[in-house]
Amino acid sequence: MFVETDSLFCIERQGKLFLLPGTRNLLALQRDPPQASTHHAISFDSFPSMNPAILDPLRSVFGHGGFRPHQEEIIAHLVAGGDALVIMPTGGGKSLCYQLPALVRGGVGIVVSPLIALMHDQVMALRQLGVRAEYLNSSLIADESRRVEAALAAGEIDLLYVAPERLLTERFLAQLDQVRIALFAIDEAHCVSQWGHDFRPEYAQLTILHQRYPHIPRIALTATADAPTRAEIAARLQLENARHFITGFDRTNIRYQVREDSGAAREALLRFIQEHHARQAGIVYCLSRKRVDEIAAWLCTQGLTALPYHAGMDAATRRRTQEQFLMADGVIIVATIAFGMGIDKPDVRFVAHLNLPKSLEAYYQETGRAGRDGQPAQAWMRYSLSDVILLRRMLEESDAEESHKRNERQKLDAMLGYCELTSCRRLSLLAYFGDTLPQPCGNCDNCLAPPATWDATTAAQKALSCVHRTGQRFGVMYLIDVLLGKDNERIQGFNHDKLSTFGIGQELGIHEWRAVFRQLVARGYLAVDHDGFGGLRLTPACRPLLRGEETLMLAKQATPPKRSQKSRRPANPAPGTDHPLFAALRQLRREIAQQQGVPPYVVFHDSTLAAMVATRPQTLTEFAELPGVGNRKLQTYGTAFLEAIRRYQETL
Ligand code: ADP
Ligand code: ZN
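These numbers come from a predicted model, not from an experiment.

### What to know about the pattern of salt bridges
So, point 1. Within the structure shown, the criterion is met by 36 salt bridges.
So, point 2. Through salt bridges with shared partners, one network takes in R127, E134, E144 and R147.

### A few points about the sheet that holds strand β14 (residues 332–335)
So, point 1. Spatial strand order, β11-β16-β15-β12-β14-β13: six strands in an open sheet with parallel pairing. The two strands at the open ends of the sheet, each matched to only one other strand, are β11 (254–260) and β13 (306–309). Direction aside, neighbouring strands of the sheet carry axes that sit 15° apart on average.
So, point 2. Both β13 and β14 contribute to a ladder of four bridges, which runs parallel. Of the residues in β14, the one forming a bridge with A306 is I332.
So, point 3. Contacts from helix α12 (residues 289–301) reach β13 and β14 within the one sheet, and its direction differs from that of β13 by about 170°.
So, point 4. Against the sheet, helix α16 (residues 402–419) engages β11 and β16 (377–383), with an angle of about 105° to β16.

### Describing the sheet that holds strand β5 (residues 108–112)
The pairing of strands in a sheet comes from backbone hydrogen bonds and takes either a parallel or an antiparallel form.
So, point 1. Here we have seven strands laid out as an open sheet, ordered β6-β7-β5-β8-β9-β4-β10, and parallel in their pairing. The two strands at the open ends of the sheet, each matched to only one other strand, are β6 (133–136) and β10 (243–246). Shown here is a sheet whose adjacent strand axes are inclined to one another by a mean of 20°, direction ignored.
So, point 2. As paired elements, strand β4 (residues 84–87) and β10 share four bridges and run parallel to each other. By the bridge assignment for β10, V86 is matched with F245.
So, point 3. In the packing of helix α5 (residues 116–128) onto the sheet, contacts are made with β6 and β7 (159–162), and the angle to β6 comes to roughly 165°.

### Re the coordination of the zinc ion (ligand 2)
So, point 1. Taken together, C424 (SG), C441 (SG), C444 (SG) and C447 (SG) make up the full set of protein donors to the zinc ion (ligand 2), lying 2.3 to 2.4 Å away.
So, point 2. Within one chain, the residues donating to the zinc ion (ligand 2) are spaced in sequence as C-x16-C-x2-C-x2-C.

### Looking at helix α17 (residues 425–432)
So, point 1. Where α17 is concerned, the buried positions are R425, R426, L429, L430 and Y432. Down the axis of α17, the smallest arc covering the buried residues is 155°, so these residues share one side.
So, point 2. Backbone geometry just downstream of α17 places G434 in the positive-phi region, at approximately 80°.

### Here's the deal with the site of ligand 1
So, point 1. The local shell around ligand 1 holds 16 residues, among which G66, G91, S95, R372 and H605 are the closest.
So, point 2. In the environment of ligand 1, an oxygen atom lies 2.8 Å from a nitrogen or oxygen atom belonging to the side chain of R68.
So, point 3. H605 places a polar side-chain atom, nitrogen or oxygen, 3.3 Å from an oxygen atom of ligand 1.
So, point 4. Compared with its free state, where it exposes 570 Å², ligand 1 has 83% of that area covered by protein.
So, point 5. Across the shell around ligand 1, the residue classes break down as three nonpolar, ten polar and three charged.

### What to know about unusual backbone geometry
With the exception of glycine, most residues fall at negative phi, and the peptide bonds are largely trans.
So, point 1. In this model, R279 sits at a positive phi of 60°, which is unusual for a non-glycine residue.
So, point 2. Along the polypeptide, R279 turns up in the loop between α11 (265–276) and β12 (281–285).
So, point 3. Assessed through its relative accessible area of 58%, R279 is described here as exposed.

### Some words on the nonpolar core
So, point 1. Y363, W513, F517 and L520 are the most contacted members of the largest nonpolar core, which totals 75 residues.
So, point 2. Counting residues per element, this core draws most heavily on helix α20 (residues 476–484), at seven residues.
So, point 3. Beyond its immediate chain neighbours, meaning those up to four positions away, L520 contacts A460, A463, L464, Y525, L526, L545 and L552.
So, point 4. Of all hydrophobic cores here, the second largest spans 71 residues; its members include L58, L78, V86 and I157.

Cut-offs applied
Residues numbered from 1 in each chain as written. Chains lettered and ligands numbered in written order. Predicted model: local features only at pLDDT ≥ 70, side-chain atom pairs only at ≥ 80, totals over all residues. Heavy atoms only, no water. Salt bridge = Lys/Arg side-chain N within 4 Å of Asp/Glu carboxyl O. Pairing = 2+ DSSP bridges. Helix = DSSP H or I, 4+ residues; strand = E, 2+ residues; numbered from the N terminus. Axes fitted to C-alpha atoms, helices over the stretch in contact; angles between N-to-C directions. Contact = heavy atoms within 4.5 Å. Donors = N, O, S within 2.8 Å, 3.2 Å for Na, K, Ca; no water. Buried < 20%, exposed > 50% of the residue type's maximum accessible area, 1.4 Å probe, protein only. Arc of directions from axis to C-beta. Near = heavy atom within 4 Å. Polar contact = N/O pair within 3.5 Å; in protein donor to acceptor, adjacent residues only side chain to side chain. Areas by Shrake-Rupley, 256 points an atom, 1.4 Å probe, with all protein chains shown as cover. Nonpolar A, V, L, I, M, F, W, Y, C, P; charged D, E, K, R; others polar. Core = buried A, V, L, I, M, F, W, Y, C linked by side-chain atoms within 4.5 Å.

Rendered as structure tokens:
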């Protein structure tokens with residue numbers, strides 16, 4: 001629902017009001033709603049197209065057997081000259097949506113991208129496919145720039161990636177005037193949003209493309225787009241007439257798992273990696289730099305390859321770390337949130353959080369870095385109430401305005417609520433973004449092993465009344481000590497050993513009490529004090545519970561699953577990857593990648609290697625049938641991989 005007030009434009013979503021800048025253009029969206037359905041769960045099953053003009057290059061150049069949801073419609077729409085606004089989750093396959101139509105339309109496809117590192121990666125990957133791709137940005141020396149400009153003038157480039165500031169120079173535009181342009185793609189289009197974190201002022205000037213080249217199709221793409229951002233993109237890029245293609249937010253291949261940190265989070269992390277992700281790439285997020293360094297060092301002592309990454313490290317070290325993550329197999333990065341933007345590695349198999357992220361937006365974005373290739377991947381978290389208290393304190397101590405703080409507090413509450421869920425996590429995560437699922441997902445911890453619940457009404461009443469009687473200013477640990485009747489000086493100093501609630505909670509242990517308090521906070525019965533030191537106070541919501549008009553069912557704290565239980569349900573069954581032939585092929589891929597100076601996944605994805613293990617191609621014709629094998633890769637690598645397969649079979 002849209003509401004317009006005098007100076008503000010608001011959108012209501014799930015009972016919350018989101019404010020937007022007072023631009024009336026945004027009303028355009030209301031009049032001209034997106035044409036595509038918003039509620040498509042994306043599934044990564046490709047399906048065959050009937051249109052040979054776009055199907056042929058899909059197979060011969062990209063080596064894909066079919067399209068992912070929406071790709072075909074988008075591509076056909078662009079090939080026919082239409083404009084498009086594409087919102088697709090990470091890993092949905094956005095690049096193909098402009099790369100393929102650029103090849104089909106002829107001329108050069110101009111791709112505007114704000115991330116220099118990504119340009120380089122994309123260009124490398126395209127060249128591997130035999131596509132003539134180049135980039136122009138500030139990292140090129142003058143000679144290189146001139147070479148690219150000459151190639152552009154000669155019509156020898158299929159796809160040219162440019163930084164927005166370069167594109168906007170009169171010199172570059174004059175060069176563009178002279179060549180045939182297939183299309184303009186504006187990647188990371190949310191950078192045009194003044195209210196987002198990635199705002200790039202040059203993006204706001206990209207309307208010049210429409211004014212100067214009105215007949216060239218434009219496609220804007222992003223993974224980040226709640227309705228307000230979407231409206232802002234359409235308005236600011238003058239894409240009002242563009243067709244909107246909005247794929248749901250669901251990342252079906254990611255399994256979500258969340259549990260409270262009962263004090264042994266790093267051991268649990270190690271077990272998780274060893275059992276499910278041995279020799280695979282992953283990212284571990286921590287809140288502080290100190291913890292990042294500690295965890296990375298500890299994982300190394302446990303025999304894993306883990307590298308720290310945070311803003312306190314110098315730029316050269318950070319670059320090296322990133323490069324190792326991309327180039328070597330099975331590297332784990334332990335990082336603060338400084339890591340991730342601009343990392344396009346498709347085969348990150350897990351993202352682990354050792355602390356609570358500050359919002360569901362952050363959580364979705366960070367976990368979204370797992371499994372871009374569509375293969376099974378896991379999002380794993382351990383969190384505690386002290387995370388909430390710390391995040392609160394950081395927020396309260398910041399210089400931000402009160403309205404901003406209020407908003408951030410709500411986001412943190414929503415994050416905690418998600419963690420404390422006993423029902424399908426995906427349903428709730430998607431609902432937060434305004435997306436729906438017809439039924440529970442079957443691929444989150446709560447779906448796979450529904451937690452047992454217990455009636456915590458009496459315990460909750462005791463906890464709440466203890467908060468009340470101690471004056472609504474103490475933190476969880478103190479309150480638990482009172483409930484358990486601990487004999488300590490602090491309690492005596494406050495005379496709290498005389499309270500009626502002193503010692504009335506001995507039927508539960510510390511662990512259970514912590515869970516009760518956490519859930520009371522998560523459900524809004526208790527609020528963490530604004531001073532950020534963890535004092536808890538009652539909210540009006542707790543009244544019915546105190547009066548006995550409401551019951552409270554809580555999840556039983558699960559004991560860590562035993563190994564045998566786990567192995568019945570492997571979370572990451574990428575078939576074939578345990579096979580000795582897979583290891584041999586991976587070794588060959590590593591050697592080739594090293595020779596060429598590209599990351600291994602640019603040569604072939606794991607899924608292509610796994611398909612080699614499964615089908616054992618003997619001839620180039622059979623090799624050409626593998627997913628991820630187009631003409632160029634067939635010619636360049638087919639013989640070497642066939643040879644490796646033959647050698648392996650001879651040793652049997
Ligand atoms: P996004 O930019 O949306 O995050 P990408 O364009 O990087 O996603 O694509 C993610 C991965 O999916 C890439 O590794 C790409 O090769 C693969 N991919 C894209 N389209 C298809 C398809 N139709 N079939 C198989 N794999 C695909
Ligand atoms: Zn679920």
